[in-house]
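Residues per chain, in single letters:
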Amino acid sequence: MNQDKLPLYEALLAYKNKNPNSFHVPGHKNGLVFPKQAEDLYRSLLSIDVTELTGLDDLHYPSGVIKEAEDLAADLYGSNKCFFLVGGSTVGNLAMIMATCKEGDTVLVQRNCHKSIINGLKLAKVRPIFIQPDFDFVAQLVTGLNESFAIEMVKYYYTAKALILTRPNYYGYTTKIDEIISIAHQFNMVVLVDEAHGAHFGHRSELLPKSAIHSGADIVVQSAHKTLPAMTMCSYLHFNSQLVDIKKVKYYLQVFQSSSPSYPLMASLDLSRYYLAMLTNAQLQRTLLLIEQFQAALNEIPQLMVIRNNQYVIDPLKITVQSMCDLSGFQLQKLLEEENIFTELADANNVLFVMPLTITIDLLVVVEKIKQKLKDFKIKNKIVKIDKKFFRKETGLEISYEERESLEIEVVSLEQSVGKVTAEEIIPYPPGIPLLLDGEKIETAHLEQLYRLKSLGAYFQGTDVFQNGLKVYKN
């Protein structure tokens, strides 16, 4: 297909150029009815914020420009079918699980998955077996599944309906999955991949890691807004399966997504596909060279260490920088923000930089600001102890999704919760990976990690369990 086309965007532009009179929703009437304080900022975008008008197609039953835009994305990425998502990778993750699994199915799940995967498991009422990923003891973070162990688990649980992988992880770590997928398919096991952080892998350059699409995964979900120039909430779902009914995928996508999807969002997916298609290898090489120089310069700051790990292929757009001074990762992030340097996330030890596909700022100026900000902090050797209890290779839930519906819940203090089963999720955010899952048994090690993260400045989604206590199932 001719990738030098923008069918959806051009259709919206043609509509705008007609200078139309709006007697339809939305109520801002192409931006003419809007608070004056925000007119200048919003009007150009609102002029294409329309509804399913003649010639603009329908996301849930596409046959025109939206279908053409989705077909172009499928052609670029090499998938059989691409669906545009306007509810983030969350709706894609929910839809792929619901379309694949039924109540009571056994499902193998990578433990450091996003909360949307957990929510999908709950909705489907499956029996999850969580597989613990490897751990990078230098970076102090979990990575991806060990290939040989994942294969061992697939063979042991050969009757499982699906294997759900997260690749790359938030920090850009990728692991080998070709053989895992091949063996899973030998048992008719569906492989679902949350590739939210890998939309740019579709470039299919040897300079970037390979997408799970090209490793044979059945369904792959990608957040275009994370590394491509798409608006927030924009994602792709790629379908490549002989094992999953595509009609079910379509059904659940229209269940979980709005019946009034945003046209600016959908158009930005069209534009992002075009941007990736037009990005040359030479342009990408220049970007990666500048990123490499940025990493080298950051690594020369005594108070910092850029994480590198030769065991893994790490997405070059992700730079994990560890504090080598008295600052925690959370404190380091706040200091950088004082210099208008806003990083993607912080954890107890690190901050994460997410780099663009095209460098538009002077990165060495950024380095100099960071160097000056940290110059008075003393360097220290860090020794962080990791509780081995967190690295049991496989775990299940103490109470199934079905059983918990009939159980009573009580609130206890954190100190009283040890040995009980949690009735809510504890989620440090970002990255949105639960420290404790609803249905998991609470151990002392969990509380130690919880208090440590709190003391270092971590943010947790949901109820303040430190102040209000933790919900658990009554014995």
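Please refer to the structure higher up on the page.
Described in the following lines is the structure provided in the data block. (Residues numbered from 1 in each chain as written. Predicted model: local features only at pLDDT ≥ 70, side-chain atom pairs only at ≥ 80, totals over all residues. Heavy atoms only, no water.)

Structural notes on the sheet that holds strand E3 (residues 127–131)
Here is step 1 of the chain: The sheet built from eight strands is open, its strands ordered E1-E10-E9-E8-E6-E2-E3-E16 with mixed pairing. For this open sheet the edge positions go to strand E1 (81–85) and strand E16 (394–395), each flanked by a neighbour on one side alone.
Here is step 2 of the chain: Alignment of strand E6 (residues 162–166) against strand E8 (residues 190–194), held across five bridges, turns out to be parallel. Counted as the bridge partner of Ile164 is Leu192 from E8.
Here is step 3 of the chain: Sheet strands in contact with helix H9 (residues 246–256) are E1, strand E9 (219–223) and strand E10 (235–239), and its direction is about 10° off that of E1. (Pairing = 2+ DSSP bridges. Helix = DSSP H or I, 4+ residues; strand = E, 2+ residues; numbered from the N terminus. Contact = heavy atoms within 4.5 Å. Axes fitted to C-alpha atoms, helices over the stretch in contact; angles between N-to-C directions.)

Let's talk about the packing of helix H4 (residues 88–100) against H9
Here is step 1 of the chain: The N-to-C vectors of H4 and H9 enclose an angle of 135°; their axes lie 8 Å apart at closest approach. When the interaxial angle is binned, H4 and H9 end up oblique. Crossing angle aside, the handedness with which H4 passes H9 is right-handed. Taking contact as the criterion, the partners of Val91, Leu94, Ala95, Met98 and Ala99 in H4 are, on H9, Lys248, Val249, Tyr252, Leu253 and Phe256. (Parallel < 35°, antiparallel > 145°, perpendicular 65-115°, else oblique. Left-handed = near helix turned anticlockwise from the far one by under 90°.)

Digging into the environment of Ala99
Here is step 1 of the chain: Structurally, Ala99 can be placed in helix H4.
Here is step 2 of the chain: Here the alpha-carbon distance between Ala99 and Pro7, two residues 92 residues apart in the chain, equals 29 Å.
Here is step 3 of the chain: If near-sequence neighbours (up to four positions away) are discounted, Ala99 is found in contact with Val244, Lys248, Val249 and Tyr252.

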